[in-house]
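# Architecture and fold: a report
Here is what each chain is made of, one letter per residue.
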Number of protein chains: 2
Amino acid sequence: MSPDGLYARGETPRTVSENAQLALLLEVAGTPKPGNVDRRREYPDLRFEHLLAGAVGARAGLAAAADGARVGAAFERAVAGMSRQSAGNTQFGAVLLLVPLVRATAQKRGALTPEAAEGVVEETTVEDAVDFYRAFDHVDVAVGDPPEESDLPDVRRGSGAETALRNRGLTLADVMAGSADRDGVAREHARGFERTFRAADRIADADGPVADRASSAYLAALASEPDTLVVTSHGPETAAEVQRRAALVRDGETDAEAVASELVDRGINPGTTADLVAGGLFVALERGLEV
Amino acid sequence: MSPDGLYARGETPRTVSENAQLALLLEVAGTPKPGNVDRRREYPDLRFEHLLAGAVGARAGLAAAADGARVGAAFERAVAGMSRQSAGNTQFGAVLLLVPLVRATAQKRGALTPEAAEGVVEETTVEDAVDFYRAFDHVDVAVGDPPEESDLPDVRRGSGAETALRNRGLTLADVMAGSADRDGVAREHARGFERTFRAADRIADADGPVADRASSAYLAALASEPDTLVVTSHGPETAAEVQRRAALVRDGETDAEAVASELVDRGINPGTTADLVAGGLFVALERGLEV
């Protein structure tokens with residue numbers, strides 16, 4: 001705790017973990033974000049309030065990352081906290097993206113770069129991989145079967161994969177690299193957080209309320225690549241359709257609200273793209289975005 | 001920090017300060033809450049995202065209250081944190097209500113009663129009063145001129161009132177009692193948190209999404225007494241009109257969405273009633289309300 005009376009009006013910035021928590025909240029406040037839960041649309045079993053509770057619960061793990069905990073341990077803690085609500089998985093991917101970004105920021109505050117975040121990923125160990133798998137004990141995450149040729153244990157084994165991970169000497173960076181072709185968040189870890197930083201630039205360069213910028217950054221990202229969660233849950237053709245329609249919305253050629261309602265009705269939730277926006281919001285906040 | 005791997009699926013409750021932060025977030029998620037910012041309505045200079053940032057910033061002070069900090073010191077810290085966004089005052093009254101409730105809960109977890117909260121208020125000292133006034137240094141709060149007969153320093157003096165408070169030996173409980181007739185949050189401190197606990201019962205007894213329950217509890221409270229912030233900002237006649245119309249909405253005799261839009265258009269924000277709902281949500285969460 002800081003000493004009493006330390007804070008003068010407007011003089012203290014938010015902490016790194018406060019910015020990470022705020023990024024989770026601003027992400028879900030952006031509307032419309034076709035297919036996602038946002039403040040105007042929700043699923044019966046995944047409501048706006050569940051994502052609020054997820055952001056509340058994730059904070060302690062994000063703070064642990066800022067305070068120097070191992071990336072995997074901080075991630076597992078954040079997921080455990082996030083899971084303390086009745087909807088199950090709310091922000092698993094967003095937290096997986098945020099933890100190395102928070103760690104990179106805390107190590108070198110004021111200069112959050114792709115290189116710094118890459119450095120955090122490269123330094124991960126087998127312990128971090130074991131922690132990552134253990135996080136799957138806390139919550140059911142939508143993942144497909146691993147490809148035949150993969151040498152990674154199925155993440156759904158959770159802590160049961162520990163021996164396999166240790167025997168093969170797999171680090172968290174190895175796990176992310178091995179999942180990069182089918183998971184958009186793992187791809188960020190493996191490829192320098194390129195889309196996350198692009199989303200951050202879009203958010204920083206835009207005008208107006210931050211929630212509106214989050215919505216625009218989401219549409220831009222969704223129009224640029226297929227959402228890997230949609231690929232996992234509905235197949236590549238649906239993901240390609242969603243991408244095309246997001247481009248139409250982005251270009252003003254179709255109505256965003258109508259597409260948003262239809263995707264929710266069909267249960268098509270491009271959650272990986274939302275995760276990228278949460279990461280982008282964090283980077284933008286750390287670089288001075290005002291709320 | 002707790003040791004790694006402590007958390008098994010679904011086994012750990014939220015901490016007291018997490019429930020307090022979640023209460024702030026669920027309050028603003030409830031819709032419609034005529035006149036308030038909610039997830040469907042906002043003011044140009046007081047947006048939904050500002051209340052999210054306010055809840056993020058308030059957490060550390062709420063955690064300090066849970067960890068045993070003096071009530072006034074925790075409150076000032078929460079307000080300083082809440083103020084780290086560009087809209088000024090977002091949740092001053094809600095935080096003022098939450099801090100003694102958090103303190104009472106932390107002292108005796110599992111048995112949050114009006115008596116426990118009253119006990120916290122009764123134990124406050126002149127130091128707490130000084131802290132309370134200092135909180136006004138961080139943010140502009142809508143308050144009227146104190147009545148001629150009041151022996152309390154004007155809160156707008158902020159830390160400048162310290163000598164007067166010390167000379168008169170005024171505790172925070174004295175300050176709250178002296179403001180009770182014109183401020184609905186001070187009235188809760190002075191009168192056993194009666195309306196807060198009534199809101200908690202309403203929320204606990206209702207069914208459905210928590211955000212919907214927050215909306216219903218808000219309407220019930222608004223229909224039962226004039227909102228003191230509306231009295232301060234717009235006068236007693238407007239407050240009486242708002243109360244009457246809230247009763248019509250509650251009884252299904254007029255359209256909630258239409259009233260909500262009209263009040264926002266007229267800039268009539270019954271913020272004290274929203275504060276009561278935030279307090280009620282916290283009490284309900286501590287008593288086992290599931291999200």
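What comes next concerns the included structure. (Residues numbered from 1 in each chain as written. Chains lettered and ligands numbered in written order. Predicted model: local features only at pLDDT ≥ 70, side-chain atom pairs only at ≥ 80, totals over all residues. Heavy atoms only, no water.)

### Some remarks on the pattern of salt bridges
Residue and element names in this part refer to chain B.
- Summed over all chains, the structure comprises 46 salt bridges over all chains.
- Taking the shortest distance from any N to any O, the salt bridge between R195 and E225 comes out at 3.5 Å. Here R195, found in helix α10 (residues 194-205), pairs with E225, found in the loop between α11 (210-224) and α12 (228-234); they are 30 residues apart in sequence, far enough to count as distant.
- Using a relative accessible area of 24% as the deciding quantity, one classes E225 as partly exposed. (Salt bridge = Lys/Arg side-chain N within 4 Å of Asp/Glu carboxyl O. Helix = DSSP H or I, 4+ residues; strand = E, 2+ residues; numbered from the N terminus. Buried < 20%, exposed > 50% of the residue type's maximum accessible area, 1.4 Å probe, protein only.)

### Overview of the environment of B:A239
Residues and elements named next belong to chain B.
- With respect to the helices, strands and loops of the structure, A239 is situated in helix α13 (residues 236-250).
- Taking the C-alpha atoms as reference, A239 lies 9.0 Å from I268; in sequence the two are 29 residues apart.
- In this view, A239 contacts P226, D227, V230 and V231; residues no more than four positions away in its chain are not counted. (Contact = heavy atoms within 4.5 Å.)

### Details of the relation of the copies chain A and chain B
- Overlaying chain A on chain B yields an RMSD of 0.0 Å, the required transformation being a rotation through 180° with an accompanying axial translation of 0.0 Å. Such values leave the two copies arranged in the relation of a two-fold axis. In terms of C-alpha distance to the rotation axis, chain A has A:R39 as its closest residue, with the C-alpha 2.8 Å off the axis. (Least-squares fit on C-alpha atoms with pLDDT ≥ 70 in both.)

### As for unusual backbone geometry
Residues and elements named next belong to chain A.
- Each neighbour pair has its own omega, and for T31 with P32 the value is -5°, a cis peptide bond.
- Assignment of secondary structure puts P32 in the loop between α1 (16-29) and α2 (48-66).
- Even without a glycine there, the phi angle at F193 is positive, about 55°.
- Looking at where F193 falls in the secondary structure, it is placed in the loop between α9 (184-190) and α10 (194-205).
- Judged by relative accessible area, F193 falls into the buried class, the value being 0%.

### What to know about the environment of B:T272
Residue and element names in this part refer to chain B.
- Along the chain, the position of T272 falls in helix α15 (residues 271-286).
- Judged by relative accessible area, T272 falls into the buried class, the value being 8%.
- T272 sits 179 residues away from G93 along the chain, and the two C-alpha atoms are 6.7 Å apart.

### Digging into the side chain of B:S215
- Along the polypeptide, B:S215 turns up in helix α11.
- B:S215 sits in the buried class, given a relative accessible area of 6%.

### What about α2(A)?
All names here are of chain A.
- Here α2 spans 27 Å end to end across 19 residues, near enough to the 27 Å set by a 1.5 Å rise per residue.
- Along α2, the sharpest kink reaches roughly 35°, centred on R59.
- Counting buried positions along α2 yields 18 of 19 residues, so the element is predominantly enclosed.
- Phi turns positive one or two residues past the end of α2, at G68, with a value near 105°. (Expected span 1.5 Å × (residues − 1). Bend = angle between axes of the 7 residues up to and from the residue.)

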